[in-house]
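A closer look at the structure
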Amino acid sequence: MPFEPREIARLIADSMKRYGLPFPAPSDVAYSWAKGISLPSRGSPMLYTGALYQLAPYIVSIVDYTSLLEGSSLSSLGLKLSRHLPPSVLRIAVRPREEVRAYVERVLRSIVKLLERSGIRPAYAYEDDMYSGVLLYDLGLDELFAEQARKVFKALKARGAQEVIAVDPHTTHVLRSVYPKYVDGFDLSVRSYLEVISASAVGRGEVVVHDPCLYARFENVVEQPRKLLEGAGYKVLEPRRSRRMTYCCGGPIEGLAPKIAKKIARVRLSELSEKSSLIATMCPICYINLAEVASRERVEDIALLLAGEVK
Amino acid sequence: MRAFEEIEAALEDEEFQSALSKASLGTQAKVEEVLRSRPELLALAEEVREIKRAAIARLDELLEQAMNSLRAVRATPHLAETAEEAREIVGKLIGRGKLVVLSKSMAAAEVGLRPYLEAMGNEVWETDLGELLIQLEGTKPMHTITPAVHMSRRRAVELLEKAGAKVEGESIESAVRAAREFLRGKIVRAQAGITGANALAADTGAIVTVENESNVRLVSSLPPLHIALVPVDKVVPTLMDAIKVAMVQSAFAGLYPPTYINVISGPSSTADIERTRVYGAQGPVEQHVVFIDNGRTAARKGALAEQLYCIRCGRCQYECPVWIHTANRWGGPVYGGPMGLVWTAITYDANEAAKLSFLCLGCGRCDEACPVGIPLSRLIRELKAYAMRDLK
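Owing to the predicted nature of the structure, the values given are computational and were not obtained by experimental measurement. Every chain is numbered on its own, with residues counted from 1 as its sequence reads. To read the labels, note that chains go from A and ligands from 1, taken in the order they are written. Selection of residues for local features in this predicted model requires a pLDDT of at least 70, selection of side-chain atom pairs for listing and counting requires 80 or more, and totals for whole chains, interfaces and linings are taken over all residues. Only hydrogens and water are removed before side-chain values are computed, so all heavy atoms of the structure are retained for them.

Looking at the domain arrangement of chain B
All names here are of chain B. As annotated, the domain borders come from an automatic or database domain assignment. Split by domain assignment, chain B resolves into domain 1 (2-37 + 297-387) and domain 2 (58-294). Summarising the inter-unit geometry, the C-alpha centres of domain 1 and domain 2 are found 23 Å apart. We call two residues in contact whenever any of their non-hydrogen atoms come within 4.5 Å of each other. Each partner contributes residues to the interface: domain 1 has 35 residues there, and domain 2 has 32 residues. Both faces considered, domain 1 and domain 2 share a buried interface measuring about 2,900 Å² in area, 58% of it formed by carbon and sulfur atoms. Criterion for a salt bridge: a side-chain nitrogen of Lys or Arg within 4 Å of a carboxyl oxygen of Asp or Glu. For the pair domain 1 and domain 2, the interface holds 3 salt bridges. Here the quantity called buried area is the accessible surface, traced with a 1.4 Å probe, that two parts lose on coming together, added over both.

Here's what the structure looks like:
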C-alpha cells in the first residue's frame, strides 16, 4: 500500500475539520452544479447529493497520485511527506479532472430533470448539501462520522426535510441504514431517486447493467433500475454476476491499493463487456473505476441514459 | 510490513493470478449449481445457522457435556487455553523420534503444530495432497480447504519429486499416483495420526469430518494413536447437528455429495471374545481430543462474536474480489480472506488483522456467500474502527 490507512485517515480528518470535505476542494464544490437551476431551498422532499458525485473528479486525481507512488521508491517518501503535508498543499497537488467534473455535473442536472419529469419538484439545500461522511464510515472513523452525520441531519431538518432523495448508493446506504444507528432521533425517510422516478422512452439498443454493491446487497435497489431502463427503451442485459451477487468495481480501495483495485475493475469490465459495449453504472465510484479501465467500451451513468442525455 | 510485500509479490505472479482466477470462477459456478439443483441444502444451511447460534450461546455447558461424552466412549479430552498449550499437550502425547501423519487441519496450522513436532525430533507428514504440497513448498495454506489452489501442475510435480516421490510423466494423474504411493509408505508406518474436525457432538463425543481424499480415514484409523484438534467453536449439541454441519460445509465448498463423512466416537474396540470389550482392534488403541480455545470464548462477548458460527467452507474466500488476487497471502499468518481476517483477530492479533482489514472493499459479497449468515463485511469494518479508535 502506498499509504498507511492511518495516514490517509489523518489527512481526511484534517480536511474535514478545515473544509467539511474529505479532500481539499472549493467550498461550493457540492452545489456549484446547481447554479442556474432554481429549486426551493427549503421543503420536502429534499434532494440530497452528499457531494459524492461532485468529489469524483478529485478522487480520480488522488488515485493518479497514489498510483504513481505505489510500488515505487517514492512510496516511503510519499508516506513521510503526507505526515507533514498540510491539506492546502494537497489541494494544489490534487486538481479535479475537468472531464469528470463536467460529466458528474451533467449527471446531477439529469437527475433533477428526471425527478421533474416524474412530477417531483424537490427542494435543494445548496450550501447545506453537506458531505455525508461515507468515507469516514468506511475507514472506521466512527466518531468523526457520527459528528458529521449529526450535522447533516440537523441541516436537513432545519431546511424542512422529511423525505430525502439521495442520488448514489453510498449516500443512500449511510443515510437510510447507518445514520439511524449514529444519530439520536433520526426520522428522515430516505430513498434513492431510482426508487421514485418513472421512465420515459428516450433510448434504444442494448445496455448491460452493473449493480453497485450497496444498492444490490444492502438497499434492495435491484429491480427498479432495470424497469426504468426498459421503460426508457433499452434492452437490459445481465452480466454473469449480477443482482445480489454483483461484483465490485474495486473502487473502495482505489486510494489505498490502486493495483488491486485496477485488477478488480478489469475483471468486472471484461465480464460486463461480454454482454454489451454500453455499460450502465449507478454510482460515481463505479463510473470512474470502470471508465478508467475501459477502452472500446462506453461506460455511462444511468441518469444520463434515462434522461436521454447520452452524447 | 511483510504481509504487504507478500501481497505485492502475489499480484505480480502471473501463475498465481491465473490459477486463482480459474479456481474461483470454477468454484463459484460449482457451488451455484449445487445450491440451484438442491434447494434443500439452502434450507439445511438455515438450520445449521440456528444450530451454531444456539451452540455458541451455551458453549461452556456443551463443552463440559462433550468432555463427559468423550470419557464415556474411552476417549481422552484435553482443553488448551492457548496455541502454546495445544502444542505442548500434543507434544507430550507424541514424544520424540516418532513418525506422525497429519490430515489437513487449519487448527493444526493455527497452533503451529507441525514445526513444533518436527523441532521435537519427529518426522511429520501432511497427507492431504494440497497440504503436502504446501508443506513441501514451505508456505501456508492458500485457501481453507484447497490449500494449494495457487499452484500449477509443473510446480506440484517438481515439489513431489524433490520429496522423493516417483512421478512418471507430466500428467496430474501421475502426480496424484506418486503422492498416493509416497504417503502410503508413511501412513502405514506412522505411530500417530492427527486430524482436525468439522464438528464435535456434545451428546456423544462423536467427531465428524468430511473429505474426498480418504486420507482422514487412514490417518484416524491406521496409527495406534489418534489425536483430534477441535477448536471449541466446533462443538454442537448432537451427532445429527454435527453431520448437518459437515453436509453444509461440503455443499458450500462445491464438493457435493461429499465422498466421505466420517464419524469417530472413541478408539476402536471389539467385544467378540466372551463379550468382553477390548480397546484397540484394527483402529487406534488410544484416542485424544484436544479442544482449542485460543481467544474463542473471549470473542463470544466482543464485536466479532458472530465469526464463531463459521463452518470453514471457504466460500467467502472464493467469492471475494480481493482474495481472488491475493489468496491467503492476505489475512494473517494462518487464515486468509474475509473470514480469515476475523479469525486472525480472534486467534492471533487484532492489531495485525486491523491493519490488513483496509484492503477489504466492504462490498458484502462474503455476507451473501456465507451459509451461516455471518455479516463478515460488518465485522471487518469493526476491525477498521479498531485500528482508528484513537483518531478523533
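Focus on helix α10 (residues 223-231) of chain A
Structural remark: α-helix, 3.6 residues per turn; residues separated by three or four positions point the same way. All names here are of chain A. Along α10, the positions that sit buried rather than exposed are P225, R226, L228 and L229. On an axial view of α10, the arc spanned by its buried residues comes to 165 degrees, and they lie on one face. Note on conventions: DSSP H or I runs of at least 4 residues are helices, E runs of at least 2 residues are strands, and numbering of each starts at the N terminus. For α10, the elements touching its buried residues are β5 (205-209), β6 (234-237), β7 (278-281) and α13 (302-307). Of the residues flanking the end of α10, it is G233, one or two places downstream, whose phi is positive at about 110 degrees. Only protein chains enter the calculation, and the probe is 1.4 Å; a residue is then buried if its accessible area is under 20% of its type maximum, exposed if over 50%, and partly exposed in between. The arc in question is formed by the directions pointing from the helix axis toward the C-beta atoms.

Comments concerning the sheet that holds strand β3 (residues 123-126) of chain B
Residues and elements named next belong to chain B. Across the sheet, 6 strands lie side by side as β1-β12-β7-β4-β2-β3; this open sheet has parallel pairing. Only two strands of the sheet have a single neighbouring strand rather than two, namely β1 (76-80) and β3. Within this sheet the neighbouring strands show an average axis-to-axis angle of 20 degrees, counted without direction. In this description, strands pair whenever DSSP reports at least two bridges between them. Bridge analysis of strand β2 (residues 99-102) against strand β4 (residues 192-195) gives 3 bridges, and the strand direction is parallel. Bridge pairing links V100 to A192 in β4. To get an axis, a line is fitted to the C-alpha atoms, and for a helix only the part in contact is used. The angle between two axes follows their N-to-C directions and goes from 0 to 180 degrees.

Focus on unusual backbone geometry
Among all residues except glycine, the phi angle is most often negative; among peptide bonds, the trans geometry is most common. Cis geometry is found at the peptide bond from A:S44 to A:P45, where omega equals 0 degrees. As for its placement among the helices and strands, A:P45 is situated in the loop between α1 (5-19) and β1 (46-48). At the junction of B:Y256 and B:P257, the peptide bond is cis and its omega measures out at 0 degrees in the coordinates. Here B:P257 lies in the loop between α12 (239-252) and β9 (260-264). In this structure, B:R312 takes a positive phi of about 60 degrees despite not being glycine. Among the structural elements, B:R312 can be located in the loop between α13 (296-299) and α14 (315-319). We note that B:A327 has phi near 50 degrees; this positive angle belongs to a residue other than glycine. Residue placement: B:A327 occurs in the loop between α15 (323-326) and α16 (337-347). The exposure class of B:A327 is buried, given its relative accessible area of 0%.

A word on a negative patch on the surface
Exposure above 30% relative accessible area and the lack of any salt bridge qualify a residue for a patch; like charges then connect within 9 Å, and the nonpolar side chains Val, Leu, Ile, Met, Phe, Trp and Tyr within 5 Å. Areas reported here follow the Shrake-Rupley algorithm with a probe of radius 1.4 Å; residue values treat only the protein chains shown as occluding. Counted as positive: Lys and Arg. Counted as negative: Asp and Glu. His and the chain ends are not counted at all. Just so you know, the charge point we use is NZ for Lys, CZ for Arg, CG for Asp and CD for Glu. Taken together, the side chains of B:E81, B:E84, B:E85 and B:E88 present a region of like negative charge at the surface. On the secondary structure map, B:E84 appears in helix α5 (residues 83-94).

A few points about the interface of chain B and chain A
Across the contact, 35 residues belong to chain B and 36 residues belong to chain A. Roughly 3,100 Å² is buried in total at the junction of chain B and chain A, and carbon and sulfur atoms are behind 62% of that figure. Per-residue buried area on chain B facing chain A is highest for B:R365, B:R381 and B:K392; these three make up 20% of the total on that side. Between chain B and chain A we count 5 salt bridges in total. With a closest N to O distance of 2.7 Å, B:E368 and A:R244 form a salt bridge.

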